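# An overview of the molecular structure
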Amino acid sequence: MLSKSTLLHLRLPFSFFLMPVFCFAAGIAFSGDWFRLLLTFGILHLMVYPASNGYNSYYDKDEESIGGLEQPPPVSKQLLYVSLLIDGIALLLSLMVSLWFTLGILLYGLVSKAYSNDAIRLKKMPILGWLTVGFFQGGFTFLIVYQGVALASMTQLMDGKILFAALLSTVLLLGSYPMTQVYQHSEDARRGDLTISRMLGIRGTFLFTGGAFALATMGYVWYFSQYFSIQVAFAFLATLSPVVLFFGWWFWQTLQNPRQANFKNTMRLNLYSAICMNVFFIGLGIWLQR
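Moving on, we get to the overall build of the chain. The helix and strand inventory of the chain stands at 12 helices and zero strands. Reading the helices (α) and strands (β) of the chain from amino to carboxyl end gives α-α-α-α-α-α-α-α-α-α-α-α. If you line up the chain on its principal axes, its C-alpha atoms span 50 × 45 × 30 Å. The buried share of the chain, reckoned over its 290 residues, is 56%. At a minimum sequence separation of 6, the contacts of the chain that also span at least 24 residues come to 76%. On the chain, roughly 13,200 Å² of surface is accessible, and the fraction owed to carbon and sulfur atoms is 69%.

Put into structure tokens, the structure is as follows:
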């Protein structure tokens, strides 16, 4: 029987924060095959991401707040075994999608383990760890979701419209990922992990994320104007405006009191961002099916 600790460390609700990349890729790839869409979603968000969370939690052994879990309980060997079992099941189910999708899931799983496993621990390498997470949770995930949902060939994935969308997903993740670490500096310092956010500092993390988000936003506006319509681009800006307002308010509060760079506000930013982007991308997908 699964312990409460194991269930908590799988952090299933945290997968919601990673949904925008899936919704973006699936929204423009979907062609009516609901089984393939739901299977791809289930494998990634209900299995691969929770398994990765559990595996990394086992090796991190956090004592302070982590993404989606304010008070993490102690971990046990069961968490490691369950995480590996879920990974194995996800790989088997991936074969029902496609071989390319399966290979993508396998590679994603291996890289996610390298992030926290003591033998490699990319988390200790601020630049490499940041680039790895940005690429694999961003553009790489976009491509495997698009391939799985549309059953696209490698030639189709190399189309400029698809590659640029994958690039935008990577830029967005490269900008947002340091923000998810901004409240973990003391915990990371205790373990000797020099993350990108700890290297930048609290103020630097906000400035970096703001700059990257602005760059990504300009890219999305160009993308939607180029491949869809100017109205879609304006809809994107309007949908994301609450996130921009909250980010600006939070940054101002943090300048007055660095303690505002805490777990609660980080999760609020993640939640608002995920809600707004998921709503937009799902809406885009529905609009494309009209």
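More follows now that the structure is in view.
If you look at the biggest cluster of nonpolar residues, it comprises 73 residues, and the most contacted ones within it are Phe142, Tyr220, Phe224 and Phe281. A per-element tally of this core places helix 3 (residues 34-60) first, with 10 residues. Residues within four places of tyrosine 220 in sequence aside, it is in contact with Phe24, Leu168, Ser169, Leu172, Phe236 and Phe281. Counting six residues, the second-largest nonpolar core is a separate cluster that includes Phe14, Tyr183, Met267 and Ala274.

In contact at an axis separation of 8 Å, helix 3 and helix 6 (residues 126-150) are set at 145° when each is read in the N-to-C sense. Contact residues: Arg36, Leu37, Thr40, Leu44 and Tyr49 in helix 3; Thr141, Val145, Gly148 and Val149 in helix 6. Grouping the amino acids of the contact of helix 3 with helix 6 by side-chain chemistry returns five nonpolar, three polar and one charged.

Okay, the packing of helix 5 (residues 99-116) against helix 6 next. The contact between helix 5 and helix 6 brings their axes to 10 Å, and the two run at 165°. Here helix 5 is positioned roughly antiparallel relative to helix 6, judged by the angle of their axes. At the point where helix 5 passes helix 6, the crossing takes the left-handed sense. In this structure, helix 5 uses Trp100, Phe101, Gly104, Ile105, Leu107, Tyr108, Val111 and Tyr115 to contact helix 6, whose residues at the interface are Gly129, Thr132, Val133, Phe136, Gln137, Phe140, Thr141, Ile144, Gln147 and Gly148. For the contact of helix 5 with helix 6, a count of residues per class yields 11 nonpolar, seven polar and no charged.

On to helix 6. Compared with an ideal rise of 1.5 Å per residue, which puts 25 residues at 36 Å, helix 6 spans 35 Å between its outermost C-alpha atoms and is within 8% of the ideal. The largest bend along helix 6 measures about 35° and falls at threonine 141. Where burial is concerned, most of helix 6 is hidden: 20 out of the 25 residues are buried. Just past helix 6, the residue leucine 151 takes up positive phi, approximately 50°.

Take alanine 165: it is sitting in helix 8 (residues 160-176). Considered as a pair, alanine 165 and valine 21 are 144 residues apart in the sequence and their alpha carbons are 9.6 Å apart. If we skip the residues at most four places from it in the chain, alanine 165 touches Phe24, Phe142 and Tyr223.

As a further point, take helix 5. An ideal rise of 1.5 Å per residue puts 26 Å on 18 residues; helix 5 measures up with 27 Å between its terminal C-alpha atoms. Residues of helix 5 that are buried include every one of Phe101, Thr102, Gly104, Ile105, Tyr108, Gly109, Val111, Ser112, Lys113, Ala114, Tyr115 and Ser116, and no others. The secondary structure elements touched by the buried residues of helix 5 are helix 3, helix 4 (77-94) and helix 6. For helix 5, the N-terminal cap is serine 98; the gap from its side-chain oxygen to the backbone nitrogen of phenylalanine 101 is 3.0 Å.

Moving on, we come to the packing of aromatic side chains. What describes a pair of aromatic rings is the distance from one ring centre to the other and the angle between the planes of the rings. For the structure on display, the rule yields 38 aromatic pairs. Arranged with centres 5.0 Å apart and planes meeting at 45°, the rings of tyrosine 55 and tyrosine 59 form a pair that is tilted. Of this pair, tyrosine 55 and tyrosine 59 are both found in helix 3, four residues apart, which corresponds to roughly one turn of the helix. What makes tyrosine 55 buried here is its relative accessible area of 7%.

What follows is about the pattern of salt bridges. Applying the stated criterion across every chain, the model contains three salt bridges. Its salt-bridge partner being arginine 121, residue aspartate 60 comes within 2.9 Å of it at the nearest N-O pair. Note that aspartate 60 is positioned in helix 3 and arginine 121 in the loop between helix 5 and helix 6, a separation of 61 residues in sequence. Note on aspartate 60: relative accessible area 8%, which makes it buried. Arginine 121 gets classed as buried once you look at its relative accessible area, which sits at 6%. When the shortest N-O distance is used, the salt bridge between aspartate 87 and lysine 113 registers 2.3 Å. Residue aspartate 87 is found in helix 4, and its partner lysine 113 is found in helix 5; the two are separated by 26 residues along the sequence.

Thresholds applied
- Residues numbered from 1 in each chain as written.
- Predicted model: local features only at pLDDT ≥ 70, side-chain atom pairs only at ≥ 80, totals over all residues.
- Heavy atoms only, no water.
- Helix = DSSP H or I, 4+ residues; strand = E, 2+ residues; numbered from the N terminus.
- Buried < 20%, exposed > 50% of the residue type's maximum accessible area, 1.4 Å probe, protein only.
- Contact = heavy atoms within 4.5 Å.
- Areas by Shrake-Rupley, 256 points an atom, 1.4 Å probe, with all protein chains shown as cover.
- Core = buried A, V, L, I, M, F, W, Y, C linked by side-chain atoms within 4.5 Å.
- Axes fitted to C-alpha atoms, helices over the stretch in contact; angles between N-to-C directions.
- Nonpolar A, V, L, I, M, F, W, Y, C, P; charged D, E, K, R; others polar.
- Parallel < 35°, antiparallel > 145°, perpendicular 65-115°, else oblique.
- Left-handed = near helix turned anticlockwise from the far one by under 90°.
- Expected span 1.5 Å × (residues − 1).
- Bend = angle between axes of the 7 residues up to and from the residue.
- Polar contact = N/O pair within 3.5 Å; in protein donor to acceptor, adjacent residues only side chain to side chain.
- Phe/Tyr/Trp six-rings, centres within 6.5 Å; stacked < 30°, edge-to-face > 60°.
- Salt bridge = Lys/Arg side-chain N within 4 Å of Asp/Glu carboxyl O.

Functional significance is not addressed by these values, which are geometric in nature.
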